[in-house]
Amino acid sequence: MYDSEVEIWNTLLKWLEEKHPGFESNLSLRDIPGVERGLTAGRDLKKDDTLLHIPSTCMLNPLTLLPNSPIPSHLFPQTKSTNTNVSSPSPKESSTPVPKRARTDKPRKLDTTQLLTLHLALTKDPQERYKSDWAPYIDSLPKSFRPWHPLTWVVPLDEEQRSSGQKEKQREEWIWYNHLYQIGLSGSTRLKVQDVKKRFDQDYEVLSDVLKEEEPFKSQNLVESIEKEVILWAWLNVNTRSISIPLGLPAPSERNNHTLVPIMDFINHSSNEKLITPRVKQLPTPSARMRKQSASSTAKSNGLDKDIALPSPPLTSSAKSNGSTNGTNSMGLRKADQHLLPNKIDFKLVCQEGGLRKDEEVFFEYGGHSSSTLFAEYGFCEIPTKSSFDSSLKLTNGTGSEEEKLASNDTNGNQNVNQRGNSDEKEENGWLSMKYGEVDLTPYINELWEEQDEDDQEEKKAVLQDIGCWGGNTIHCQPSPVHPSHSLLMTLRLIHLPSNSPKLTNISRGLVTYLSPANETSVMMTLENMLKRVIKDSHKRQKDLNKLIGHSIHAKEENGEKEEVNAEQRGIIGMLSSMCEEEQVIARSLLDRLEKGVDFS
Ligand SMILES: C[S@@+](CC[C@H](N)C(=O)[O-])C[C@H]1O[C@@H](n2cnc3c(N)ncnc32)[C@H](O)[C@@H]1O
């Protein structure tokens, strides 16, 4: 571990111990240079031992932020119950002039994502006018998301604001990663990254307007001094590290009811139930409990000791429209409706059955996310190995078995999925047993929609929305065996249904799902063709990724100075190649079933 990182960690612990009574931790920081940071048991722990107790006061959210925030209070979101801002404005804010807006304009409000992004970004004011009470926590956040987070591959660097010495190198690096985005990501993963970008662009626009128009930022010309890159850094911290919690803020809950939580946000993800160690409880902070007990006799039924949702970025628009995916982030939505006293909820993590040995890593499941969602939102994916820690090694140091895996492909970068040896079978079983193993066929389905007449398309889309099947174009590993989602089957059935079919009414009422033997045959043939294309496209991508290995980032080959891709790039290429493998294994497995005549009616 670097000395500076130890220092940052120790400063954070000291701040929590001194300023936030109730804080307790039995966890240690695992930080191997070049590998993701994570948390491990600081000593042997048994069932129900406290791993971590995080008081509500140290969490960073609109409720804790408001009392001393330089951000004007009228920008804060309003609580559902009071329909007022999260608390009364402090004298400092009440003198802040509210900018005049047209009468018909609604007063400007930021949601939690935007507000936290703004708070983090203000701490980077070059003139240091915005010191945060959370400084020791903010110092512990990742310093940069470039170049490893895929959002940064589609958001170009602001050339104007780079020093000329760095400019060329950074520009070349960005071109390399943008090229990787074009050739190394499946169509469906690209759609998910574009969805993240859309959310970022919208929030960036809102925050730029706030910096331009709201005081005191306007007079300080902060829109010029806070670079887009800083907003990107802040936004990605909020989106990759915040945790769903009921704050009593209004819908959309996934944009409002979340918080940054020191220490807890160092915990890495795993969907492997054997590795997910702590149980998380929400409980009132001690002083709140006293007040709540005297105010209400229903305190215990109002959420005490409830399990709580974990790191959970705002829903992607595709997930929103797709209730049938693996419950993406829905845990957060449900729990966020049941809240204790807003701002008075502690987190307590306790050890699961079986306990933990000293130095064993602690994991959470961030949500029911497929590889492509994990990758687009958090910049990593899970690989079926004995632990997720192995996958994080692959992600960042690039020297692990991914490289060997790439090297073991044939000269075209292809793996022959029909002729599998023992190790391939093992690999295949690994992918097929992943809890959220999935292939998303949306780009192929979109092509089919484009072939349809526009009115026909609209009518069928409305029917699919009526039955909750719009947008769920996925095939899943669980429950085994691999199968298309009901939404995918219904989508294909409607695509193959003649225009203006009288059957549409009964389908939209949920009375009919199977349409006819001829329709079903067409559906199966289309599905087969799509799966073959998935396998072919994925092999092609793997081949292109292979070509990148050994190629220079700075394109100096013409000078005879061939530079290898660096370890980080190699790690990312390995991860993308694994995602190709996952697609091939899952698509092949469903294809085998279809070829054997499986019936999904
Ligand atoms: C909530 S933070 C967890 C702490 C983080 N590792 C750190 O160093 O601060 C989420 C980020 O951790 C990384 N991460 C989480 N789980 C991972 C895993 N299983 N493998 C690789 N990286 C992971 C990803 O970069 C993700 O964006």
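Residues numbered from 1 in each chain as written. Predicted model: local features only at pLDDT ≥ 70, side-chain atom pairs only at ≥ 80, totals over all residues.

Description of the overall build of the chain
Then, in step 1: Of the regular secondary structure elements, the chain holds 24 helices and 14 strands.
Then, in step 2: Sorting the 601 residues of the chain into buried and exposed places 44% on the buried side.
Then, in step 3: Nonlocal contacts in the chain, meaning residues at least 24 apart in sequence, comprise 77% of its contacts between residues at least 6 apart. (Helix = DSSP H or I, 4+ residues; strand = E, 2+ residues; numbered from the N terminus. Buried ≥ 20, exposed ≤ 12 C-beta atoms within 10 Å, placed from the backbone. Contact = placed C-beta atoms within 7 Å.)

Re the environment of Met 434
Then, in step 1: As for its placement among the helices and strands, Met 434 is situated in the loop between helix H18 (422-432) and strand S12 (438-440).
Then, in step 2: For Met 434, a count of 20 C-beta atoms within 10 Å gives the class buried.

Describing the packing of helix H23 (residues 517-548) against helix H24 (residues 567-595)
Then, in step 1: As a packed pair, H23 and H24 sit with axes 9 Å apart at the nearest point and diverge in direction by 155°. By the angle between their axes, H23 is roughly antiparallel relative to H24. The interaxial crossing formed by H23 with H24 has left-handed handedness. Residues Met 524, Leu 527, Glu 528, Leu 531, Lys 532, Val 534, Ile 535, Ser 538, Arg 541, Gln 542, Leu 545 and Leu 548 of H23 form the contact with H24, whose participating residues are Ile 573, Leu 576, Ser 577, Cys 580, Glu 583, Gln 584, Ala 587, Arg 588, Leu 590, Leu 591 and Leu 594.
Then, in step 2: When its residues are assigned to classes, the contact of H23 with H24 shows 14 nonpolar, four polar and five charged. (Axes fitted to C-alpha atoms, helices over the stretch in contact; angles between N-to-C directions. Parallel < 35°, antiparallel > 145°, perpendicular 65-115°, else oblique. Left-handed = near helix turned anticlockwise from the far one by under 90°. Nonpolar A, V, L, I, M, F, W, Y, C, P; charged D, E, K, R; others polar.)

Comments concerning the pairing of strand S4 (residues 50-54)
Then, in step 1: Bridging between strand S1 (residues 24-25) and S4 involves two bridges; their strand directions are antiparallel. By the bridge assignment, Ser 25 is partnered in S4 with Leu 52.
Then, in step 2: The sheet contact formed by S4 and strand S10 (residues 345-351) spans four bridges and is antiparallel. Of the residues in S10, the one forming a bridge with Ile 54 is Phe 347. (Pairing = 2+ DSSP bridges.)

A look at unusual backbone geometry
Then, in step 1: Note the cis peptide between Arg 146 and Pro 147, where omega equals 0°.
Then, in step 2: Residue position: Pro 147 is located in the loop between helix H5 (135-138) and helix H6 (151-154).
Then, in step 3: The peptide bond linking Ser 480 to Pro 481 adopts the cis configuration, its omega dihedral lying at 0°.
Then, in step 4: Relative to the helices and strands, Pro 481 resides in the loop between strand S13 (474-476) and strand S14 (483-484).
Then, in step 5: Non-glycine residue Ile 263 carries a positive phi angle of around 70°.

Looking at the sheet that holds S14
Then, in step 1: The antiparallel open sheet is built from three strands, whose spatial order is S12-S13-S14. Here the strands that pair on one side only, and so sit at the sheet edges, are S12 and S14.
Then, in step 2: Here two bridges tie S13 to S14, and the two strands are oriented antiparallel to one another. For Ile 475, the partnering residue across the bridge sits in S14 and is Pro 484.

A closer look at the environment of Ser 208
Then, in step 1: Secondary-structure assignment places Ser 208 in helix H8 (residues 187-213).
Then, in step 2: Distance in space between the C-alpha atoms of Ser 208 and Ile 383 is 39 Å, their sequence separation being 175 residues.

As for the nonpolar core
Then, in step 1: Counting residues in each nonpolar core, the largest one holds 87 residues, and the members touching the most others are Ile 54, Leu 118, Met 264 and Leu 576.
Then, in step 2: Among the elements that take part in this core, helix H10 (residues 228-241) stands out by supplying seven residues, more than any other.
Then, in step 3: Residues in contact with Ile 54, not counting those within four places in the same chain, are Phe 23, Met 59, Val 261, Pro 262, Ile 263, Met 264, Asp 346 and Phe 347. (Core = buried A, V, L, I, M, F, W, Y, C linked by C-beta atoms within 7 Å.)

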